[in-house]
Amino acid sequence: MKEEYIDLCIIGSGPAGYSAAIYASRAGLKTILYKGFQPGGQLTITSDVENYPGYPNGVQGPQMMIDFQKQAERFGAEVRTGDVTSVDFSSYPFKLDVDNKSTLITKSVIISTGASAKWLGLKSEERLNGKGVSACAVCDGFFFRNKIVAVVGGGDTAAEESLYLSKLTKKVYLLVRKDFLRASKIMQDRLIETDNINILWNTEVLEVLGNNKVEGITIFNNKKNNKSDINISGLFIAIGHKPNTEIFKKYLKMDNNGYIITNPGTTITNIKGVFATGDVQDKVYRQAVTAAGSGCMGALDAERFLSTKK
Ligand code: NDP
């Protein structure tokens, strides 16, 4: 296997990874970023991004990621297509396998592999993704002002998304597949107190209706055993996220959901020289701008760490 030696490897190419690459390369670190299995990250499956500061007219998610990449390359970061397939953090410097073909030996690592939204797995859901089907109310809720939408899920994310959407839209159906919510008590109280949130219990989505945009859904009541259609313009899937942390499990401390644990207010993990930034360590905010801020922190933390190694 081919071997290569560098200062810093950034894994992942969303706002966190690219921001880390901008800061690190600008600080003169020999930086290589691997784009990973979803180049550009979650923003590449969004259309308009209207809440990222600096784009007064909004920007398309994929275009924004191209801009981030160009900015990182301008300062010398090398952006490579490829996936880090396994890591060895048991000795220093760290070893990373890329596409099971080559080995990278690096003094530091920034993990920015993000989290992936979970989907129901319906063909119609996939077809209408970005055309009324979304996994992010803060990103897309604005497009459904004064319309009727539905949220699927029963946890804190579904509760938060429903409450957020209730302020923008005419009505929110919250579709819960059981007869109870998993969300925290305070969130449940807020849901019940909100007039335009209508909770449909024991309800599953069978189909998303519409050709080029969402026009409705077919739902199934698993208690009464009956099907019906409701008219909605937007469907928000909030059944959880899965952080992309599988290959780090052996080495890094994670919470029960697989999010990497960092020292509060930093990107420092339990292994010196390994940093985690963006959604891979943040299950609460999950925004492009917070991920970018975290990427900047990761580069500064890595730079500080590397200065002690010279
Ligand atoms: P959770 O795993 O807590 O909840 C997922 C929900 O989606 C459950 O109600 C589950 O139903 C439902 N679900 C799963 N699969 C399907 C499916 N195929 N069809 C229909 N429903 C489905 O995920 P969350 O993202 O809500 O939360 C993850 C973690 O993050 C939690 O610890 C949460 O507390 C935390 N969080 C904290 C926030 C905060 O502090 N502000 C905000 C958001 C999240 P069932 O119950 O039937 O399994």
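The structure this text deals with has already been given above.
Residues numbered from 1 in each chain as written. Predicted model: local features only at pLDDT ≥ 70, side-chain atom pairs only at ≥ 80, totals over all residues. Heavy atoms only, no water.

An account of the nonpolar core is needed here, citing residue identities and associated values.
Ranked by size, the top nonpolar core spans 27 residues in total, and within it L8, I10, Y18, Y52, M64 and I110 carry the most contacts. When contributions to this core are tallied by element, the ones reaching two or more residues are strand 1 (2–11), helix 1 (15–26), helix 2 (61–74) and helix 7 (288–307). Top element by residues in this core is helix 7. It accounts for six residues. Counting 23 residues, the second largest nonpolar core, distinct from the first, contains V98, I111, V274 and V280. (Core = buried A, V, L, I, M, F, W, Y, C linked by side-chain atoms within 4.5 Å. Buried < 20%, exposed > 50% of the residue type's maximum accessible area, 1.4 Å probe, protein only. Helix = DSSP H or I, 4+ residues; strand = E, 2+ residues; numbered from the N terminus.)

Go over the sheet that holds strand 16 (residues 226–231), please, and point to the residues and values.
Strand order in the open sheet formed by three strands is 14-15-16, and the pairing between neighbours is antiparallel. Bordering the open sheet on either side are strand 14 (203–209) and strand 16, each of which pairs with just one other strand. Strand-to-strand twist in this sheet, taken as the mean axis angle between neighbours without regard to direction, amounts to 25°. Relative to strand 15 (residues 216–221), strand 14 is paired through six bridges, and the arrangement is antiparallel. The residue bridging V208 from the neighbouring strand is I217, located in strand 15. (Pairing = 2+ DSSP bridges. Axes fitted to C-alpha atoms, helices over the stretch in contact; angles between N-to-C directions.)

Could you give me a rundown of the state of the cysteines, with the residues and numbers involved?
Covalent bonding between the sulfur atoms of two cysteines defines a disulfide. Enumeration according to the criterion identifies one disulfide in this entry. Residue pairing for C136: its cysteine sulfur links by disulfide to C139, the two sulfurs lying 2.1 Å apart. Negative torsions about the S-S bond denote left-handed disulfides, and the value of about 75° found for C136 with C139 makes this one right-handed. Assessed through its relative accessible area of 17%, C136 is described here as buried. Not engaged in a disulfide, the cysteine C9 finds its nearest cysteine sulfur in C296; these two sulfurs lie 19 Å apart. Relative accessible area serves as the criterion here: at 0%, C9 is assigned to the buried category. (Disulfide = S-S within 2.5 Å.)

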